[in-house]
Each structure stands twice: as structure tokens, then as C-alpha cells.
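Geometric and topological summary
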Amino acid sequence: MKIETPFDGNDTYGFPFTFHIKWSGMCFECPENPTKTYYGYLFIDFVIAFLISIGVWKLFSNLKNKKS
């Protein structure tokens, strides 16, 4: 997330892909809609987070089984 509204910039949300942009501040030829959401990138971010959580879960369960 990068918030630049107080400094005449754009707010961007999402990692590793930016899925939401809010245009703000002083701009020349501003877009009609001051926000844009990319649902495909949002879905990919959720899938990546899900895969990372499964990997961490399996890592901890493997470490727990080795201790037993």
C-alpha cells in the first residue's frame, strides 16, 4: 500500500500486484472515475496469499512432526 494523497499523489493498494488505484491531488486531465479496481489482480493476490499460508502451515506441521 502506498498512500500519497497528502502530497498530491495516488493511493495504491495491493501486493505483489496493484489491484486498486485512487487518483487524487492536483492532476491535469483527470480521469472521470477517480478510482480503478482490478479484480483479476485482487484474485491473484488472494491466491498467492492462500498458497503462502498453506506452505507455512505445512512447514510448521512438518517441524512439529519431527519433534514428536
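Before reading on, note that the structure itself is shown above.
First, a word on what this report is: a plain description of the structure on this page. Keep in mind it's a predicted model, so treat the numbers as computed, not measured.

This brings us to the overall build of the chain. A count of helices and strands for the chain gives 1 helix and 3 strands. Of the regular secondary structure in the chain, the N- to C-terminal order runs β-β-β-α. Within the chain, buried positions represent 10% of all 68 residues. Once local pairs closer than 6 in sequence are excluded, the contacts in the chain between residues at least 24 apart make up 16%. With the model as given, the accessible surface of the chain reaches about 6,000 Å², and the carbon-plus-sulfur share is 67%.

A contiguous nonpolar patch, built from Phe 17, Tyr 38, Tyr 41, Phe 43, Ile 44, Val 47, Phe 50, Leu 51 and Ile 54 and spanning about 820 Å² of accessible area, is present on the exposed surface. Residue position: Leu 51 is located in helix α1 (residues 39-67). In this structure Leu 51 comes out as exposed when scored by relative accessible area, which is 52%.

Here 3 strands make up an open sheet; going across it, the order is β1-β2-β3 and the pairing antiparallel. Because the sheet does not close on itself, it has two edges, and the strands there are β1 (11-13) and β3 (35-37). The sheet shows a mean angle of 5° between the axes of neighbouring strands, direction not considered.

Let us now look at unusual backbone geometry. Cis peptide bonds are those with omega within 30 degrees of zero, and the linkage from Phe 15 to Pro 16 qualifies with 5°. Within the secondary structure layout, Pro 16 lies in the loop between β1 and β2 (20-22).

What follows deals with the environment of His 20. Here His 20 lies in strand β2. Not counting residues within four places of it along the chain, the set of residues in contact with His 20 comprises Asp 11, Thr 12, Tyr 13, Thr 35, Lys 36 and Thr 37.

Calculation criteria
- Residues numbered from 1 in each chain as written.
- Predicted model: local features only at pLDDT ≥ 70, side-chain atom pairs only at ≥ 80, totals over all residues.
- Heavy atoms only, no water.
- Helix = DSSP H or I, 4+ residues; strand = E, 2+ residues; numbered from the N terminus.
- Buried < 20%, exposed > 50% of the residue type's maximum accessible area, 1.4 Å probe, protein only.
- Contact = heavy atoms within 4.5 Å.
- Areas by Shrake-Rupley, 256 points an atom, 1.4 Å probe, with all protein chains shown as cover.
- Patch = residues over 30% accessible without salt bridge, like charges linked within 9 Å, V, L, I, M, F, W, Y side chains within 5 Å.
- Salt bridge = Lys/Arg side-chain N within 4 Å of Asp/Glu carboxyl O.
- Pairing = 2+ DSSP bridges.
- Axes fitted to C-alpha atoms, helices over the stretch in contact; angles between N-to-C directions.

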